[in-house]
Amino acid sequence: MPVSKSSIAFSVLAIATLLFAPLTNAMGDHNPPLRSWANGASTQRIVEFVDRVTDVDSPDYLPPTERVAVFDNDGTLWAEQPAYFQVLFAADVARERLRENPELAEDPDYKTFSEGGLKAVAAGGHEALFQLVFASHTGVSNADFQQSVRRWLDSARHPKTEKRYDAMVYQPMLELLHYLREHEFSTWIVSGGGVSFMRVWTEEVYGIPPQQVIGSRVHMRYEETGDGPRLMREAAISHVNDGPGKPVGIQQVIGKRPVLAVGNSDGDFEMLRWTTASSPSLGVLIHHTDDEREWAYDRDSAIGHLERGLDEAPGRGWVVVDMKADWKRVFAAH
(Lines give C-alpha, C1' and ligand atoms only; values in the text may rest on other atoms or scores of the structure.)
Protein backbone atom coordinates (compact mmCIF):
# COMPACT_ATOMS: atom_id res chain seq x y z
CA MET A 1 0.00 0.00 0.00
CA PRO A 2 1.51 3.35 -0.99
CA VAL A 3 2.18 5.78 1.84
CA SER A 4 1.08 9.37 1.29
CA LYS A 5 3.27 12.40 1.96
CA SER A 6 0.76 13.58 4.54
CA SER A 7 1.03 10.27 6.44
CA ILE A 8 4.81 10.51 6.46
CA ALA A 9 4.66 14.10 7.70
CA PHE A 10 2.22 13.13 10.45
CA SER A 11 4.45 10.21 11.54
CA VAL A 12 7.55 12.42 11.67
CA LEU A 13 5.66 15.00 13.72
CA ALA A 14 4.35 12.33 16.11
CA ILE A 15 7.82 10.85 16.62
CA ALA A 16 9.32 14.31 17.19
CA THR A 17 6.63 15.09 19.73
CA LEU A 18 7.31 11.88 21.63
CA LEU A 19 11.07 12.41 21.55
CA PHE A 20 11.10 16.03 22.64
CA ALA A 21 8.06 16.25 24.92
CA PRO A 22 9.94 15.04 28.01
CA LEU A 23 12.68 17.60 27.37
CA THR A 24 10.11 20.37 26.99
CA ASN A 25 8.30 19.34 30.17
CA ALA A 26 11.49 19.03 32.17
CA MET A 27 13.00 22.32 31.10
CA GLY A 28 10.18 24.39 29.70
CA ASP A 29 7.42 24.16 32.27
CA HIS A 30 9.59 25.51 35.05
CA ASN A 31 11.38 28.27 33.18
CA PRO A 32 8.68 30.26 31.36
CA PRO A 33 7.02 31.50 34.59
CA LEU A 34 10.48 32.25 36.02
CA ARG A 35 12.27 33.43 32.90
CA SER A 36 14.83 35.53 34.76
CA TRP A 37 15.87 32.63 37.00
CA ALA A 38 18.68 30.28 36.06
CA ASN A 39 17.61 26.64 35.97
CA GLY A 40 19.71 25.74 39.01
CA ALA A 41 19.21 24.19 42.41
CA SER A 42 17.59 27.27 44.00
CA THR A 43 14.98 27.59 41.27
CA GLN A 44 14.29 23.87 41.28
CA ARG A 45 13.72 23.79 45.03
CA ILE A 46 11.22 26.64 44.86
CA VAL A 47 9.35 25.04 41.96
CA GLU A 48 9.39 21.61 43.59
CA PHE A 49 7.93 23.09 46.77
CA VAL A 50 5.12 24.78 44.84
CA ASP A 51 4.46 21.54 42.96
CA ARG A 52 4.26 19.54 46.21
CA VAL A 53 1.83 21.80 48.02
CA THR A 54 -0.46 22.32 45.00
CA ASP A 55 -0.67 18.70 43.79
CA VAL A 56 -3.87 17.18 45.21
CA ASP A 57 -2.23 13.73 45.15
CA SER A 58 0.77 14.87 47.17
CA PRO A 59 0.98 14.13 50.92
CA ASP A 60 2.08 17.77 51.31
CA TYR A 61 -0.94 19.19 49.49
CA LEU A 62 -2.28 22.44 50.98
CA PRO A 63 -5.65 23.98 50.09
CA PRO A 64 -5.43 27.49 48.63
CA THR A 65 -6.53 29.06 51.92
CA GLU A 66 -3.32 27.75 53.54
CA ARG A 67 -0.96 28.90 50.79
CA VAL A 68 0.32 32.06 52.45
CA ALA A 69 3.62 33.51 51.20
CA VAL A 70 5.33 36.42 52.94
CA PHE A 71 8.07 38.64 51.54
CA ASP A 72 10.37 41.19 53.04
CA ASN A 73 10.55 44.33 50.90
CA ASP A 74 13.90 46.16 51.22
CA GLY A 75 16.63 44.08 49.60
CA THR A 76 14.15 41.32 48.76
CA LEU A 77 11.67 42.88 46.34
CA TRP A 78 13.51 46.12 45.59
CA ALA A 79 17.03 47.42 46.21
CA GLU A 80 18.18 48.90 49.50
CA GLN A 81 21.51 50.55 48.71
CA PRO A 82 23.08 53.04 49.40
CA ALA A 83 20.40 53.38 52.12
CA TYR A 84 16.88 52.15 52.69
CA PHE A 85 14.73 54.08 50.26
CA GLN A 86 12.33 55.23 52.94
CA VAL A 87 15.28 56.81 54.79
CA LEU A 88 16.21 58.67 51.59
CA PHE A 89 12.59 59.84 51.37
CA ALA A 90 12.75 61.01 55.00
CA ALA A 91 15.96 62.93 54.28
CA ASP A 92 14.45 64.68 51.25
CA VAL A 93 11.35 65.68 53.24
CA ALA A 94 13.50 66.96 56.12
CA ARG A 95 15.66 69.02 53.73
CA GLU A 96 12.59 70.59 52.18
CA ARG A 97 11.13 71.50 55.57
CA LEU A 98 14.47 72.95 56.74
CA ARG A 99 14.64 75.11 53.61
CA GLU A 100 11.14 76.39 54.24
CA ASN A 101 11.62 76.80 58.01
CA PRO A 102 15.33 77.26 58.92
CA GLU A 103 14.42 77.58 62.61
CA LEU A 104 13.64 73.85 62.63
CA ALA A 105 17.41 73.23 62.66
CA GLU A 106 17.30 73.62 66.45
CA ASP A 107 14.38 71.23 66.89
CA PRO A 108 15.68 67.99 68.51
CA ASP A 109 14.06 65.86 65.79
CA TYR A 110 15.91 67.80 63.06
CA LYS A 111 19.14 68.74 64.84
CA THR A 112 21.25 65.65 64.12
CA PHE A 113 20.26 65.60 60.46
CA SER A 114 20.59 69.38 59.97
CA GLU A 115 24.12 69.34 61.39
CA GLY A 116 25.53 66.21 59.78
CA GLY A 117 23.13 64.77 57.23
CA LEU A 118 22.51 61.05 56.86
CA LYS A 119 26.03 60.15 58.00
CA ALA A 120 25.32 61.73 61.36
CA VAL A 121 21.95 59.97 61.53
CA ALA A 122 23.62 56.62 60.81
CA ALA A 123 26.23 57.28 63.47
CA GLY A 124 23.50 58.18 65.96
CA GLY A 125 21.86 54.77 65.73
CA HIS A 126 18.19 54.03 66.28
CA GLU A 127 17.56 57.18 68.32
CA ALA A 128 18.75 59.48 65.53
CA LEU A 129 16.86 57.46 62.94
CA PHE A 130 13.62 57.69 64.93
CA GLN A 131 14.15 61.45 65.24
CA LEU A 132 14.45 61.75 61.45
CA VAL A 133 11.34 59.58 60.97
CA PHE A 134 9.35 61.66 63.45
CA ALA A 135 10.50 64.88 61.76
CA SER A 136 9.50 63.75 58.29
CA HIS A 137 6.64 61.32 58.90
CA THR A 138 4.51 62.83 61.66
CA GLY A 139 2.55 65.96 62.51
CA VAL A 140 0.50 65.57 59.32
CA SER A 141 -2.58 63.60 58.34
CA ASN A 142 -2.01 60.14 56.94
CA ALA A 143 -3.61 61.22 53.65
CA ASP A 144 -1.17 64.16 53.32
CA PHE A 145 1.74 61.89 54.20
CA GLN A 146 0.82 59.40 51.50
CA GLN A 147 0.43 62.20 48.95
CA SER A 148 3.98 63.30 49.78
CA VAL A 149 5.20 59.74 49.19
CA ARG A 150 3.54 59.73 45.77
CA ARG A 151 5.09 63.09 44.84
CA TRP A 152 8.51 61.87 45.94
CA LEU A 153 8.28 58.68 43.89
CA ASP A 154 7.31 60.72 40.84
CA SER A 155 10.23 63.15 41.19
CA ALA A 156 13.12 61.50 43.08
CA ARG A 157 15.80 59.45 41.36
CA HIS A 158 18.29 56.88 42.65
CA PRO A 159 21.76 58.45 43.12
CA LYS A 160 23.60 55.66 41.27
CA THR A 161 21.24 54.39 38.57
CA GLU A 162 19.15 57.56 38.10
CA LYS A 163 16.08 55.34 37.94
CA ARG A 164 12.83 56.02 39.75
CA TYR A 165 12.95 54.28 43.10
CA ASP A 166 9.92 52.16 42.23
CA ALA A 167 11.81 51.01 39.13
CA MET A 168 14.55 49.53 41.32
CA VAL A 169 12.52 46.35 41.72
CA TYR A 170 13.82 42.86 40.98
CA GLN A 171 12.45 41.21 37.85
CA PRO A 172 12.96 37.65 39.21
CA MET A 173 10.90 38.52 42.28
CA LEU A 174 8.08 40.00 40.20
CA GLU A 175 8.01 36.70 38.30
CA LEU A 176 8.00 34.71 41.53
CA LEU A 177 5.08 36.72 42.92
CA HIS A 178 3.12 36.15 39.72
CA TYR A 179 4.02 32.45 39.66
CA LEU A 180 2.79 31.96 43.23
CA ARG A 181 -0.47 33.80 42.61
CA GLU A 182 -1.06 31.64 39.55
CA HIS A 183 -0.86 28.69 41.96
CA GLU A 184 -3.38 30.28 44.32
CA PHE A 185 -0.96 31.58 46.94
CA SER A 186 -1.79 34.81 48.71
CA THR A 187 1.27 37.07 48.66
CA TRP A 188 2.03 39.47 51.52
CA ILE A 189 4.70 42.03 52.27
CA VAL A 190 6.13 41.83 55.79
CA SER A 191 8.67 44.62 56.05
CA GLY A 192 10.46 46.74 58.61
CA GLY A 193 9.53 49.74 56.46
CA GLY A 194 6.61 52.00 57.25
CA VAL A 195 3.28 50.49 56.33
CA SER A 196 1.76 53.79 55.14
CA PHE A 197 4.84 54.47 53.01
CA MET A 198 4.57 51.12 51.20
CA ARG A 199 0.81 51.02 50.78
CA VAL A 200 0.98 53.95 48.35
CA TRP A 201 2.63 51.93 45.59
CA THR A 202 2.80 48.18 46.31
CA GLU A 203 -0.31 47.25 44.33
CA GLU A 204 0.88 49.12 41.25
CA VAL A 205 4.44 47.76 41.44
CA TYR A 206 4.02 44.23 42.89
CA GLY A 207 0.32 43.48 42.51
CA ILE A 208 0.05 43.32 46.31
CA PRO A 209 -2.92 45.38 47.60
CA PRO A 210 -2.57 47.70 50.62
CA GLN A 211 -4.44 45.35 52.95
CA GLN A 212 -1.76 42.70 52.35
CA VAL A 213 1.10 44.93 53.48
CA ILE A 214 2.43 44.57 57.04
CA GLY A 215 4.99 47.10 58.25
CA SER A 216 6.17 49.31 61.07
CA ARG A 217 3.59 51.79 62.34
CA VAL A 218 3.45 55.14 64.10
CA HIS A 219 0.60 56.07 66.40
CA MET A 220 -2.42 57.67 64.76
CA ARG A 221 -5.34 59.53 66.24
CA TYR A 222 -8.76 60.20 64.78
CA GLU A 223 -10.04 63.77 64.75
CA GLU A 224 -12.94 65.73 63.29
CA THR A 225 -12.26 68.91 61.30
CA GLY A 226 -14.31 71.39 59.33
CA ASP A 227 -13.33 69.45 56.21
CA GLY A 228 -14.33 66.10 57.70
CA PRO A 229 -12.59 63.36 59.67
CA ARG A 230 -8.90 62.63 59.36
CA LEU A 231 -6.19 60.41 60.83
CA MET A 232 -3.22 62.31 62.27
CA ARG A 233 0.24 60.75 62.50
CA GLU A 234 1.89 61.16 65.91
CA ALA A 235 5.55 61.05 66.98
CA ALA A 236 5.42 57.64 68.65
CA ILE A 237 6.06 54.13 67.34
CA SER A 238 3.21 51.61 67.62
CA HIS A 239 5.04 48.58 66.22
CA VAL A 240 8.53 47.91 64.85
CA ASN A 241 7.98 45.21 62.26
CA ASP A 242 11.51 43.85 62.17
CA GLY A 243 13.28 40.86 63.69
CA PRO A 244 10.98 39.25 66.28
CA GLY A 245 8.37 41.87 65.43
CA LYS A 246 7.70 40.20 62.08
CA PRO A 247 6.06 37.00 63.39
CA VAL A 248 4.02 39.20 65.75
CA GLY A 249 2.88 41.38 62.84
CA ILE A 250 2.04 38.30 60.77
CA GLN A 251 -0.11 36.82 63.51
CA GLN A 252 -1.86 40.11 64.27
CA VAL A 253 -2.76 40.78 60.64
CA ILE A 254 -2.91 37.42 58.82
CA GLY A 255 -3.81 35.22 61.78
CA LYS A 256 -2.07 32.10 60.47
CA ARG A 257 1.46 30.85 59.93
CA PRO A 258 2.83 31.27 56.39
CA VAL A 259 4.19 28.31 54.44
CA LEU A 260 6.71 30.30 52.37
CA ALA A 261 8.87 33.18 53.61
CA VAL A 262 11.42 35.14 51.58
CA GLY A 263 13.90 37.64 53.03
CA ASN A 264 17.46 38.85 52.62
CA SER A 265 18.82 39.86 56.01
CA ASP A 266 19.06 38.82 59.64
CA GLY A 267 16.10 41.10 60.26
CA ASP A 268 14.10 38.40 58.47
CA PHE A 269 15.53 35.50 60.51
CA GLU A 270 12.60 35.21 62.92
CA MET A 271 10.10 35.40 60.06
CA LEU A 272 11.78 32.48 58.28
CA ARG A 273 12.21 30.60 61.55
CA TRP A 274 8.50 31.06 62.41
CA THR A 275 7.41 29.98 58.94
CA THR A 276 9.59 26.88 58.72
CA ALA A 277 8.79 25.65 62.23
CA SER A 278 5.87 23.79 60.63
CA SER A 279 5.75 21.49 57.62
CA PRO A 280 5.38 21.69 54.68
CA SER A 281 7.17 25.03 54.43
CA LEU A 282 10.09 26.74 52.76
CA GLY A 283 12.42 29.57 53.76
CA VAL A 284 14.31 31.55 51.10
CA LEU A 285 17.11 34.09 51.51
CA ILE A 286 18.20 36.43 48.71
CA HIS A 287 21.99 36.75 48.93
CA HIS A 288 23.40 39.92 47.36
CA THR A 289 26.48 38.66 45.52
CA ASP A 290 26.44 40.71 42.30
CA ASP A 291 28.61 43.82 42.53
CA GLU A 292 28.31 44.49 38.79
CA ARG A 293 24.56 44.47 38.21
CA GLU A 294 23.60 45.42 41.78
CA TRP A 295 25.67 45.36 45.01
CA ALA A 296 27.56 42.64 46.88
CA TYR A 297 27.16 42.69 50.67
CA ASP A 298 26.24 40.52 53.64
CA ARG A 299 28.16 40.11 56.93
CA ASP A 300 29.91 43.47 57.07
CA SER A 301 27.02 45.59 55.88
CA ALA A 302 24.99 47.85 58.20
CA ILE A 303 22.23 47.70 55.58
CA GLY A 304 20.82 44.26 54.87
CA HIS A 305 23.24 42.61 57.32
CA LEU A 306 23.19 38.85 56.69
CA GLU A 307 25.26 36.65 58.96
CA ARG A 308 23.18 34.38 61.15
CA GLY A 309 20.93 33.52 58.22
CA LEU A 310 23.89 32.47 56.07
CA ASP A 311 25.37 30.38 58.86
CA GLU A 312 22.15 28.57 59.77
CA ALA A 313 20.42 28.27 56.38
CA PRO A 314 21.99 24.90 55.40
CA GLY A 315 21.04 23.24 58.67
CA ARG A 316 17.51 24.62 58.53
CA GLY A 317 16.98 23.62 54.90
CA TRP A 318 16.53 27.19 53.69
CA VAL A 319 17.23 28.09 50.08
CA VAL A 320 19.98 30.70 49.63
CA VAL A 321 19.52 32.41 46.27
CA ASP A 322 22.86 33.57 44.86
CA MET A 323 21.87 36.73 42.99
CA LYS A 324 24.86 36.58 40.64
CA ALA A 325 24.46 32.90 39.76
CA ASP A 326 20.71 32.37 40.06
CA TRP A 327 19.34 35.50 38.39
CA LYS A 328 19.75 36.01 34.66
CA ARG A 329 18.49 39.54 35.07
CA VAL A 330 18.25 41.78 38.12
CA PHE A 331 16.11 44.86 37.60
CA ALA A 332 12.75 45.08 35.88
CA ALA A 333 12.47 46.98 32.60
CA HIS A 334 10.72 50.35 32.85
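None of these values were measured; they are calculated from a predicted model.

The rules behind each value
- By convention here, each chain's residues receive numbers from 1 onward along its written sequence.
- Given that the model is predicted, a residue must reach a pLDDT of at least 70 before its local features are reported, and side-chain atom pairs must reach 80 or more before they are shown or counted; all residues, however, enter totals for whole chains, interfaces and linings.
- Heavy atoms from the whole structure form the basis of all side-chain values; hydrogens and water molecules are not counted.
- At least two DSSP bridges between two strands are needed for those strands to be called paired.
- Secondary structure follows DSSP: runs of H or I at least 4 residues long count as helices, runs of E at least 2 residues long count as strands, and numbering of each begins at the N terminus.
- Two aromatic rings, drawn from Phe, Tyr or Trp (for Trp, its six-membered ring), form a pair once their centres lie within 6.5 Å of each other, and the interplanar angle then sorts them: stacked below 30 degrees, edge-to-face above 60, tilted otherwise.
- Burial classes: relative accessible area under 20% of the type maximum marks a residue as buried, over 50% as exposed, and values in between as partly exposed (1.4 Å probe, protein chains only).
- In this analysis the charged atom, NZ for Lys or CZ for Arg, is taken to sit over a ring once it is within 6 Å of the ring centre and within 35 degrees of the ring normal.
- Lines fitted to C-alpha atoms define the axes, with helix axes restricted to the stretch in contact, and inter-axis angles between N-to-C directions lie between 0 and 180 degrees.
- Contacts: residue pairs with any heavy atoms within 4.5 Å of one another.
- Put simply, angles under 35 degrees are roughly parallel, angles over 145 are roughly antiparallel, angles from 65 to 115 are roughly perpendicular, and the rest are oblique.
- Two helices cross in a left-handed way if the nearer one is turned anticlockwise from the farther one by less than a right angle. They cross in a right-handed way if the turn is clockwise.
- Following the grouping adopted for this structure description, the nonpolar residues are Ala, Val, Leu, Ile, Met, Phe, Trp, Tyr, Cys and Pro, the charged ones are Asp, Glu, Lys and Arg, and the polar ones are all others, Gly among them.
- pLDDT expresses, on a scale from 0 to 100, how confident the predictor is about each individual residue.
- Every patch collects residues that have over 30% relative accessible area and no salt bridge, joining them within 9 Å if they carry like charges and within 5 Å if they are nonpolar side chains (Val, Leu, Ile, Met, Phe, Trp, Tyr).
- Values of accessible area rely on a 1.4 Å probe in the Shrake-Rupley scheme; residue burial ignores everything except the protein chains shown.
- The salt bridge criterion pairs a side-chain nitrogen of Lys or Arg with a carboxyl oxygen of Asp or Glu, the two atoms within 4 Å.
- A positive count includes Lys and Arg, and a negative count includes Asp and Glu. His and the chain ends are not counted in either.
- To locate a charge, take NZ of a lysine, CZ of an arginine, CG of an aspartate or CD of a glutamate.
- The term polar contact refers here to a pair of N or O atoms within 3.5 Å; inside protein, the definition further demands a hydrogen-donor-capable atom paired with an acceptor-capable atom, and it admits residues adjacent in sequence only when both atoms are side-chain atoms.

What follows concerns the pairing of strand β4 (residues 228-239). Alignment of strand β3 (residues 213-225) against β4, held across eight bridges, turns out to be antiparallel. Within the sheet, the bridge partner assigned to E224 lies in β4 and is P229. In this structure, the hairpin formed by β3 and β4 is closed by a connection of two residues.

Moving on: the packing of aromatic side chains. Across all of its chains, the model carries 15 aromatic pairs by this definition. Centre to centre, the rings of W152 and Y165 are 4.7 Å apart; their planes meet at 15°, and the pair counts as stacked. One end of the pair, W152, is in helix α6 (residues 142-155); the other, Y165, is in the loop between α6 and α7 (171-182), and 13 residues separate them in sequence. Neither residue differs from the other here; W152 and Y165 are each classed as buried. Every member of this aromatic cluster is reached through a ring pair, and the members are W78, F85, F89, F145, W152, Y165, F197, W201 and Y206. The lysine or arginine in question, R257, covers the ring of W274, its NZ or CZ lying 3.8 Å from the ring centre.

A few words on the sheet that holds strand β6 (residues 282-287). Read across the open sheet, the seven strands follow the order β4-β3-β2-β1-β5-β6-β7; overall the sheet is mixed. Whereas interior strands pair on both sides, the edge strands pair on one side only; in this sheet they are β4 and β7 (319-322). Across the sheet, the axes of successive neighbouring strands diverge by a mean angle of 30°, strand direction being ignored. The strands that helix α12 (residues 308-316) touches are β6 and β7; relative to β6, the one it contacts most, it runs at about 140°.

Running from N to C, helix α4 (residues 108-123) and helix α5 (residues 125-137) cross one another at 125°; their axes reach a closest spacing of 9 Å. It follows from the interaxial angle that α4 and α5 lie oblique. Once α4 is placed against α5, the crossing between them reads as left-handed. Mapping the contact onto sequence places P108, D109, Y110, T112, F113, L118, V121, A122 and A123 in α4 and G125, A128, L129, Q131, L132, F134 and A135 in α5. Partitioned by chemical class, the residues of the contact of α4 with α5 number 12 nonpolar, three polar and one charged.

Of the residues in the protein, 90% reach a pLDDT of 70 or more, and the chain-wide mean stands at 91. Note that residues 1-30 has pLDDT below 50 and, in this model, six contacts with residues that lie over four places away or in other chains.

Time to look at the pairing of β3. When strand β2 (residues 186-194) meets β3, the two strands line up parallel, connected through three bridges. Note that in β3 the partner of G194 across the bridge is S216.

This brings us to a negative patch on the surface. Taken together, the side chains of E48, D51, D55 and D57 make up a negatively charged region of the molecular surface. Relative to the assigned elements, D51 resides in helix α2 (residues 41-54).

For the rest of this paragraph, the subject is the side chain of E175. By secondary structure assignment, the location of E175 is in helix α7. It is R35 that comes nearest to the buried, bridge-free E175 among opposite-charge side chains, at 6.4 Å. There is a polar contact of 3.1 Å between the side chain of E175 and the backbone nitrogen of R35. Among all residues touching E175, those that are not within four sequence positions of it are P33, L34, R35, S36 and W37.

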